[in-house]
Amino acid sequence: MNGNYDVVVVGNGVLGLSLGLSLARRGLSVVLVGEKARPYSASAAAGAMLGAFGETTATLLASSQGRQKLNLGVQAQQLWPQWLDTLEADTGRTSAELLTAQGTVVLLNAIGVPGIDSANYRAIHQALTMYEQKYEDLDVDNVDWISPDALARPLRAMFLPDEHAVNAAELLATLESAFLAHGGVFADDSVTALDHVGDRVRGVVLASGATLSAGEVVLAAGAASQAVLNSVPEIAAQVPPLISGYGLSLLLSSPERRQPEHVIRTPNRAFACGLHLVPRNAGEVYVGATNIISTSPVSTPVTRDLQFLLDCAAKQLHRDFWTSGVKRIQVGNRPVALDGFPIIGPAVPGLWMLTGTYRDGLHLSPLLAAELSARILGEEGRLDLSLFSPVRAPVQTASRRDIVETAVTHMVATGYEHDWRVPVEWPRTIEHSLRLEFSRFAEMIHPDFTPPPEILAAARYAPDLVAMLKKFYGTGRAASV
Ligand SMILES: Cc1cc2nc3c(=O)[nH]c(=O)nc-3n(C[C@H](O)[C@H](O)[C@H](O)COP(=O)(O)OP(=O)(O)OC[C@H]3O[C@@H](n4cnc5c(N)ncnc54)[C@H](O)[C@@H]3O)c2cc1C
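Residues numbered from 1 in each chain as written. Predicted model: local features only at pLDDT ≥ 70, side-chain atom pairs only at ≥ 80, totals over all residues. Heavy atoms only, no water.

### Remarks on the site of the ligand
- In the neighbourhood of the ligand, 36 residues make up the surrounding shell, with Asn12, Pro39, Ser43, Met49 and His363 lying closest.
- Leucine 15 places a polar main-chain atom, nitrogen or oxygen, 3.1 Å from an oxygen atom of the ligand.
- In the model, an oxygen atom of the ligand is placed 2.7 Å from a nitrogen or oxygen of the proline 39 main chain.
- Protein chains bury 96% of the 1000 Å² of accessible surface belonging to the ligand in isolation.
- Elements supplying a minimum of two residues to the shell around the ligand: helix H1 (14-25), strand E17 (326-337) and helix H10 (361-376). (Near = heavy atom within 4 Å. Polar contact = N/O pair within 3.5 Å; in protein donor to acceptor, adjacent residues only side chain to side chain. Areas by Shrake-Rupley, 256 points an atom, 1.4 Å probe, with all protein chains shown as cover. Helix = DSSP H or I, 4+ residues; strand = E, 2+ residues; numbered from the N terminus.)

As structure tokens, this is what we get:
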């Protein structure tokens, strides 16, 4: 395939597809490149919770950058009903067919630590109050469907009536149909390099050897976007490097073949997105998810993650998961910028980026697609995305001391999530040693910049990640704290 298009979109995940569709609806000729099997895709493995408030954490609320991110999530939530209506108009597939859960139950259970689990539960309340959202505190003894182990029983619970979930696989299929209905073209291929003259990008080179030319190229290949960017080191050097937050999720047969009607989730927890369950097809539920930082995308499930997630599901959600059928094991790679914030907007002439969305890119997809398509068409943007500009100084939302403290708390929380049994005075001793160790390690990476807590913790065992951080910070840009 060779050709000339208005726009080439690289990546067939939820962001590439939603953007491609928005552009095609506006009458542009768009080719979307990505292998049908979607290797490494986060979208295909996602729980697809449409969560803004359920995703809120205490650290998110503590900084202006974090509150800006929350605000995007809230705006995206308001767009979903309309987005689903337009998908129905394009494909005939109704929102009832795509939505798998009505509302979300958030559980604060006995697992974890006060500094994360209770603090994030409080942060969810706080955000709901800030935005004057409806929610209901529930009687923990009467939460529908769950049957946890006594040691993992819930302490508090609330119902968020407006946070739903969709079926990720069905959403991707519907977006594909809608894109085709608007004249979009698919290239079942992968991009190996950007085609450029100087720092003007004018197309892409495909693995098949063909070249696609376009006025604008959008890089939305998730965590694998970095490999494409690396084809032009001068451009790659200007953008925060992307790594992967790979995660495991499962499709399990539902105990007694009865599903809950809503999402059931904990707040975000130790270095991850919290334990969550989403009803799927009849008799089947989705359970997620782990989050492990890796410098390159991962495609094979890891024994440790599988054992952990199955254990969490059976102990904390329903004891009958112990005898459930495991219908599918999914691995996805969340696209994570080294400073933890999305990468959205123009990078160099002819090249736009739409990635780095980490934990909630699926939820944000209609909002970001509408915004970026308007900007590509030369219209004034409606959102302030300056914080997420691809060419930026590293974003840092807290002091080194606070980041180290958060990393220590998360690390110790991981022990509690794994049911560790240690002498009662050990956690404080371990915290003390970790505090010294993380501080010393952060100092070794850079005198001023500190990466987000999970990246700091992961870097201790990943020399390639340390090298990436040093290079990123070494460009002489000032930290925007
Ligand atoms: C386990 C898990 C659970 C999650 N749960 C949720 C949730 O409940 N709600 C939520 O909002 N978010 C969730 N997320 C996060 C969300 O999935 C991501 O933020 C979002 O899907 C990112 O979408 P994307 O299109 O950028 O990337 P991806 O879905 O990764 O898509 C990128 C696509 O590009 C393709 N590609 C890669 N390299 C190339 C190349 N060189 N050329 C062409 N194509 C290429 C890939 O094959 C892939 O199909 C979850 C993520 C995981 C892993």
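### Considerations on the pattern of salt bridges
- By the definition in use, this model includes 20 salt bridges.
- Arginine 359 is the partner of glutamate 454 in a salt bridge, and the nearest nitrogen-oxygen pair spans 4.0 Å. One end of the pair, glutamate 454, is in helix H13 (residues 453-459); the other, arginine 359, is in the loop between strand E19 (351-355) and H10, with 95 residues separating them in the sequence.
- In this structure, glutamate 405 engages arginine 435 in a salt bridge whose closest nitrogen and oxygen atoms are separated by 2.9 Å. Taken together, the residues span a long stretch of sequence, with glutamate 405 in helix H11 (residues 400-417) and arginine 435 in helix H12 (residues 426-445) at a distance of 30 residues.
- Classification of glutamate 405 as partly exposed rests on a relative accessible area of 32%. (Salt bridge = Lys/Arg side-chain N within 4 Å of Asp/Glu carboxyl O. Buried < 20%, exposed > 50% of the residue type's maximum accessible area, 1.4 Å probe, protein only.)

### Here we look at the side chain of histidine 363
- Relative to the elements of secondary structure, histidine 363 occurs in helix H10.
- With relative accessibility at 1%, the residue histidine 363 sits in the buried group.

### Re the side chain of glutamate 284
- For glutamate 284, the position within the fold is in strand E15 (residues 284-288).
- In contact with glutamate 284, not counting residues within four places along its chain, are Leu251, Leu252, Ser253, Ser254, Gln259, Pro279 and Lys327. (Contact = heavy atoms within 4.5 Å.)

### Some details on unusual backbone geometry
- Cis peptide bonds are those with omega within 30 degrees of zero, and the linkage from glycine 288 to alanine 289 qualifies with -10°.
- By secondary structure assignment, the location of alanine 289 is in the loop between E15 and strand E16 (292-294).
- Even without being glycine, glutamate 132 reaches a positive phi, approximately 50°.
- Structurally, the position occupied by glutamate 132 is in the loop between helix H5 (114-130) and strand E5 (136-138).
- Overall, the relative accessible area of 73% leaves glutamate 132 in the exposed class.

### Some words on the packing of H1 against helix H3 (residues 64-91)
- Where H1 meets H3, the closest approach of the two axes is 13 Å, and the angle between their N-to-C directions is 65°. Considering the angle they form, H1 stands roughly perpendicular to H3. As for how H1 packs across H3, the hand of that crossing is left-handed. Contacts between H1 and H3 involve Ser18, Leu21, Ser22 and Arg25 from the former and Trp83, Thr86, Leu87 and Asp90 from the latter.
- Of the residues that constitute the contact of H1 with H3, the class distribution is three nonpolar, three polar and two charged. (Axes fitted to C-alpha atoms, helices over the stretch in contact; angles between N-to-C directions. Parallel < 35°, antiparallel > 145°, perpendicular 65-115°, else oblique. Left-handed = near helix turned anticlockwise from the far one by under 90°. Nonpolar A, V, L, I, M, F, W, Y, C, P; charged D, E, K, R; others polar.)

### Looking at the nonpolar core
- In terms of nonpolar packing, the biggest core is built from 49 residues, with Leu19, Leu87, Leu354 and Leu362 touching the most fellow members.
- Listing elements by their share of this core, those giving two or more residues are strand E1 (3-10), H1, strand E2 (30-33), H3, helix H6 (168-181), E19 and H10.
- Residue contacts for leucine 362: discarding those within four places in its chain leaves Val14, Ser43, Ala46, Ala48, Leu50, Trp80, Val166, Ala168 and Leu171.
- Grouped together as the second largest cluster of nonpolar side chains are 29 residues, Val31, Ile235, Ala347 and Leu351 included. (Core = buried A, V, L, I, M, F, W, Y, C linked by side-chain atoms within 4.5 Å.)

### Details of the environment of glycine 103
- Counting through the fold element by element, glycine 103 comes out in the loop between strand E3 (99-101) and strand E4 (104-109).
- On the basis of relative accessibility, which here comes to 0%, the residue glycine 103 falls in the buried class.
- Filtering out sequence-adjacent residues up to four positions away, glycine 103 remains in contact with Phe159, Leu160, Pro161, Glu163, His164, His262 and Val263.

### Things to note about the packing of H3 against H10
- Relative to each other, H3 and H10 sit at 75°, their axes nearing to 8 Å. With respect to H10, the element H3 is oriented roughly perpendicular. Of the residues in H10, those touching H3 at Lys69, Leu72, Gly73, Gln75, Ala76, Gln77, Leu79, Trp80 and Trp83 are Leu362, His363, Leu364, Ser365, Pro366, Leu367 and Leu368.

### Things to note about the pairing of strand E11 (residues 211-219)
- Alignment of E1 against E11, held across seven bridges, turns out to be parallel. Within E11, the residue paired with valine 9 across the bridge is valine 218.
- Relative to E11, strand E10 (residues 200-206) is paired through three bridges, and the arrangement is antiparallel. Looking at E11, one finds that valine 205 is bridged to threonine 211.
- Linking E10 to E11, which pair antiparallel, is a turn of four residues; within it glycine 209 sits at a positive phi near 100°.
- In the sheet, E11 pairs with E19 via three bridges, with the strands oriented parallel. If you follow valine 217 over to E19, its bridge partner there is leucine 351. (Pairing = 2+ DSSP bridges.)

### Thoughts on the domain arrangement of the protein chain
- Here the protein chain is described as being made up of domain 1 (3-44 + 169-242 + 339-388), domain 2 (100-167 + 244-334) and domain 3 (400-474).
- With twelve residues of domain 2 at the contact, the number on the domain 3 side is 18 residues.
- For the pair domain 2 and domain 3, the two sides together bury roughly 1400 Å², of which 73% comes from carbon and sulfur.
- Of all residues in domain 2, Phe271, Ile293 and Thr295 bury the most surface against domain 3, accounting for 44% of the area lost on that side.
- Our count for the contact surface shared by domain 2 and domain 3 stands at one salt bridge.
- Between aspartate 419 and lysine 315 there is a salt bridge, with its nearest N and O atoms 3.1 Å apart.
- Taken together, the connections running from domain 2 to domain 3 amount to four residue pairs in polar contact (both at pLDDT 80 or more).
- Within the residue set of the side of domain 2 that touches domain 3, elements represented by two or more residues are H5 and helix H9 (303-317).
- Residue composition of the side of domain 2 that touches domain 3, grouped by class: seven nonpolar, three polar and two charged. (Domains from an automatic or database assignment. Buried area = accessible area lost by both parts, 1.4 Å probe.)

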